[in-house]
Every structure is written in C-alpha cells, then in structure tokens.
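Fold and geometry: a report
Here is what each chain is made of, one letter per residue.
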Amino acid sequence: MDLLALADFSLVARHGGFGRAARAAGRPKATLSRRVAELEAALELRLFERGGRTLKLTEEGRALFERTGVLLTELDETAAAIASGGGRPRGKLRISAPLLFSQIAMGKLAAGFALKYPEVRLEVTTEDRTVDMVEEGYDLVIRVNPAPDESLVGRILLRDRLVVVASPRLARPADNLAVPAVVREAGDRTAAWDVMAPAGRTRIVADPVLRLSSHVMVRDAVRAGVGAGRLPISLVSHDLAAGALVHWGDVDGPDIALWALYPSRRLLSARVSAFLDHLKEAFPMGKPEELAAFIGA
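Throughout this description, residue numbers start from 1 for each chain and increase along the sequence as written. Residue-level local features of this predicted model are given only where pLDDT is at least 70; pairs of side-chain atoms are given and counted only at 80 or more, and the full residue set underlies all totals for whole chains, interfaces and linings. Heavy atoms throughout the structure, all of them, feed into the side-chain values; hydrogens and water do not.

1. Section: the pattern of salt bridges
Applicable threshold: Salt bridges are defined as contacts in which a side-chain nitrogen from Lys or Arg sits within 4 Å of a carboxyl oxygen from Asp or Glu. The helix and strand labels rest on DSSP assignments: H or I over at least four residues marks a helix, E over at least two residues marks a strand, and numbering proceeds from the N terminus. The buried label applies to any residue whose accessible area, calculated with a 1.4 Å probe on protein chains only, is under 20% of its type's maximum; exposed applies above 50%, and partly exposed to all values in between.
Using the criterion set out here, one finds 18 salt bridges in the structure. In this structure, the salt-bridge partner of D128 is R184, at a minimum N-O distance of 3.2 Å. With D128 in the loop between β4 (120-126) and α6 (133-136) and R184 in the loop between β8 (178-183) and β9 (191-197), this pair connects stretches of sequence that are 56 residues apart. Classification of R184 as partly exposed rests on a relative accessible area of 33%. D250 is the partner of R161 in a salt bridge, and the nearest nitrogen-oxygen pair spans 3.3 Å. Taken together, the residues span a long stretch of sequence, with R161 in the loop between β6 (152-160) and β7 (162-166) and D250 in strand β12 (residues 246-251) at a distance of 89 residues.

As structure tokens, then:
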C-alpha cells in the first residue's frame with residue numbers, strides 16, 4: 001500500500017473534503033483527488049461517496065480512516081521528535097472536559113500548561129456529552145464516571161463526593177417534611193436524598209423550586225437561600241468553612257470519579273503525557289480537598 005496515498009486519504013477524511021484539505025496542507029486539490037483515486041483503484045474499494053458539494057466516507061472508508069489515522073499520526077510525531085532531537089512536547093493538543101471541571105479548574109490548569117510548554121497549542125472544549133475521540137479528533141478527554149469503553153484507557157484524576165448543603169437561614173425540616181430544593185437534573189416534582197449525617201442515615205424530601213443547568217448556578221442559588229442543594233464537596237468546601245453554607249449530610253452513594261481517557265490504540269504522545277503529568281502535579285492524591293484548595297488558591 002502506498003503510504004503517501006494513504007496519508008493524503010487521511011488528510012481529506014480528517015478535513016471532510018478535498019478543498020478544505022488542500023487549503024490546510026497548501027497542496028493542489030487535483031493532486032489530492034488523484035492520489036485518493038489511485039488508492040481506491042489499488043484497494044478496489046470506494047472510500048468516499050462523492051456528491052455535488054458533499055463528500056462522505058463510505059463504510060469501508062470510515063474503517064480505513066479509523067484504523068490507519070492514528071498510526072499515521074504516530075509516524076508524523078515520531079519523525080518530528082527525531083528531527084527536533086527529542087520528545088519535547090509540541091504541536092496541537094485537543095482536550096474535551098466536562099462543564100463543571102472546566103468552569104472551576106480548567107482555565108487555570110490550561111494557563112499553567114501553556115506557560116510550561118509554549119510549543120504546544122492547547123485547545124479545550126467544554127461539553128458533558130460522550131465524544132468520539134477518533135472521529136472528532138480529540139487527544140484526551142476528561143469525563144465523570146465514564147461507561148466502560150474497550151477502545152479507551154486512562155486513569156482516575158480526582159475523586160469527589162456529593163453533599164447536601166443549605167444556607168444557614170434555611171431551617172432543616174423535620175422527618176418526612178419537604179424542603180425547598182435547587183436541583184440540576186430534570187425529573188419528577190419531588191425527590192428524596194438519602195444522606196449520612198452525624199445522627200445516622202436519614203432521608204431528606206426535596207421539593208424542587210428551581211432547576212438550573214450547572215452546579216455553579218445551583219451553588220449560587222443555594223447561597224442565596226432559595227433552597228437546599230446537592231453539590232460536590234470540592235465546590236462548597238470554602239463556603240462551609242466560612243459559614244456561608246451548612247452541611248446537612250453526605251449523600252449516600254458511590255463517589256464521583258473524574259477520569260482522564262485516551263485511545264488505547266495510540267502510543268501516548270509527548271503532549272498527552274505532559275498534560276497527564278501536569279494534572280498529576282496539580283492533584284497528586286486525587287482527593288476532593290486538593291481540588292477545593294486549587295479552586296481557592
């Protein structure tokens with residue numbers, strides 16, 4: 001198989017068209033089209049469905065792109081590392097991170113990394129959805145309690161836990177009486193939170209009076225006294241220490257685990273390794289207290 005033709009095919013597939021690929025690489029569009037056609041002829045496969053203004057990978061083309069794209073990237077990175085005299089991190093690094101972690105920590109983390117590795121062009125996208133790392137071109141994703149995925153490997157970056165908190169102005173209700181609540185998740189009008197308090201396990205009946213789309217907004221509304229809220233301890237530690245919020249108990253359930261994930265098929269690049277080390281330096285033990293300290297520093 002012609003590796004140069006395969007590289008041109010991967011370039012076109014990654015950019016979604018001959019014109020965009022040609023502009024990105026500074027090469028003639030006709031050359032890329034000819035090289036891809038030669039590859040299709042050699043494989044006796046149609047790799048793209050060509051329309052008037054659209055170009056779409058066939059099923060065979062998608063399989064070839066997913067299996068060879070990462071290998072070609074590794075070849076490029078290896079050649080660049082050898083040419084530069086070592087594995088110094090350089091080039092583009094794309095990361096997807098969840099909303100809350102991005103709001104409270106990622107800006108500071110990204111700035112520190114950029115200062116440490118000026119030859120890396122870091123790009124962070126904030127989203128809670130599950131992304132396709134190969135299809136969307138991410139090098140690293142950070143996710144909360146991710147579902148098992150055989151195509152990805154990774155490590156736990158941080159652990160956190162949920163607590164129920166409220167403003168000191170809001171009295172804790174007696175058993176079986178509902179309390180006004182600020183919630184993030186959609187659901188029924190009423191809910192119940194099982195918590196572990198000093199007096200033992202108890203249930204708090206919550207009456208959602210306000211629904212918001214982020215934990216930061218929930219915290220701010222709880223601070224204002226609208227209702228009780230269920231929030232990560234790292235996000236409210238400083239408010240609890242200052243007396244701005246009162247701790248009603250730890251939510252009875254599994255801890256929150258924040259994972260850093262990357263494709264298992266791909267040798268770890270110097271950029272990804274450097275960012276993983278950067279995260280480890282920020283949170284060496286992976287405890288919620290470290291995240292709380294990082295936020296408040």
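2. Focus: the sheet that holds strand β3 (residues 91-97)
For clarity, the threshold we go by: Any two strands with at least two DSSP bridges between them are considered paired. Think of each axis as a best-fit line through the C-alpha atoms, taken over the contacting stretch in the case of a helix, with angles from 0 to 180 degrees between the N-to-C directions. Pairs of residues are marked as contacts when any of their non-hydrogen atoms sit within 4.5 Å.
Here 5 strands make up an open sheet; going across it, the order is β4-β3-β5-β13-β6 and the pairing mixed. Two strands bound the open sheet, and with one partner strand each, they are β4 and β6. Neighbour-to-neighbour, the strand axes of the sheet open up by a mean angle of 20°, direction not taken into account. The pairing of β3 with β4 spans 7 bridges and is parallel. Paired with S96 across the bridge in β4 is T125. Lying on the sheet, helix α5 (residues 99-116) is in contact with β3, β4, β5 (140-144), β6 and β13 (256-263); it crosses β4 at an angle near 175°.

3. What to know about the environment of G17
With respect to the helices and strands, G17 occurs in the loop between α1 (3-15) and α2 (18-25). Between the C-alpha atoms of G17 and F48, which are 31 residues apart in sequence, the distance is 9.8 Å. Those residues in contact with G17, other than ones at most four positions away along the chain, are V12 and L55.

4. Describing the pairing of β9
Note: β9 against strand β10 (residues 200-211), 7 bridges, orientation antiparallel. Considered in β10, the bridge of V195 is made with T202. Connecting the antiparallel pair β9 and β10 is a turn made up of 2 residues.

5. Describing the nonpolar core
Selection rule: To qualify as a nonpolar core, a set must consist of buried Ala, Val, Leu, Ile, Met, Phe, Trp, Tyr and Cys residues joined through side-chain atoms within 4.5 Å.
In this structure, F101 and I142 are the most contacted members of the largest nonpolar core, which totals 39 residues. Take this core: its biggest share by element is 7 residues, from α5. Apart from the residues within four sequence positions on either side, I142 is in contact with I95, S96, A97, P98, F101, M106, L157, L258, W259 and L279. Formed by 18 residues, the second largest nonpolar core is a distinct cluster that contains A22, L57, L64 and L72.

6. Thoughts on the packing of α2 against helix α3 (residues 29-43)
Definition in use: Under this scheme an angle from 65 to 115 degrees is roughly perpendicular, one under 35 degrees roughly parallel, and one over 145 degrees roughly antiparallel; angles in between are oblique. Each crossing gets its hand from how the near helix is turned against the far one by less than a right angle, where anticlockwise is left-handed and clockwise is right-handed. Side-chain classes are defined by residue name, with Ala, Val, Leu, Ile, Met, Phe, Trp, Tyr, Cys and Pro counting as nonpolar, Asp, Glu, Lys and Arg as charged, and the others, Gly among them, as polar.
The geometry of α2 relative to α3 is characterised by a closest axis approach of 8 Å and an angle of 120° between their N-to-C directions. In terms of orientation, α2 lies oblique with respect to α3. Where α2 crosses over α3, the handedness of that crossing is right-handed. Where α2 approaches α3, its residues F18, G19, A21 and A22 are matched on the opposing element by K29, L32, S33 and V36. Of the residues assigned to the contact of α2 with α3, the class counts are 5 nonpolar, 2 polar and 1 charged.

7. A word on the sheet that holds β12
Spatially, β7-β11-β8-β10-β9-β12 is the arrangement adopted by the 6 strands of the closed barrel, whose pairing is mixed. Going from strand to strand, the sheet's axes swing by 50° on average, the running direction of each strand aside. As paired elements, β9 and β12 share 2 bridges and run antiparallel to each other. Within the sheet, the bridge partner assigned to V195 lies in β12 and is V251. Set on the sheet, helix α7 (residues 215-223) makes contact with β7, β8, β10 and β11 (228-232); between it and β11 the angle comes to about 140°.

8. Here we look at the side chain of R35
You can see R35 is positioned in helix α3. In this structure R35 comes out as buried when scored by relative accessible area, which is 13%. Beyond its immediate sequence surroundings of up to four residues, R35 is in contact with D2, L4, A5, D8 and R27.

9. A word on the packing of aromatic side chains
Just so we agree on the cut-off: Two rings from Phe, Tyr or Trp (for Trp, the six-membered ring) form a pair when their centres sit within 6.5 Å of each other. Planes less than 30 degrees apart are called stacked, planes more than 60 degrees apart edge-to-face, and all others tilted. We call a charge positioned over a ring when the NZ of a Lys or the CZ of an Arg lies within 6 Å of the ring centre and within 35 degrees of the ring normal.
Counted according to the given criterion, the structure contains 6 aromatic pairs. Aromatic pair F283 and F294: ring centres 5.3 Å apart, planes at 65°, arrangement edge-to-face. Remark: F294 occurs in helix α10 (residues 288-296) and F283 occurs in the loop between α9 (270-282) and α10; sequence separation between them is 11 residues. Across this residue pair, the class does not change: F283 and F294 are buried. One aromatic cluster in this structure is built from F9, F18 and F48. Here the basic side chain of R94 rests over the ring of Y138, its NZ or CZ set 4.3 Å away from the ring centre.

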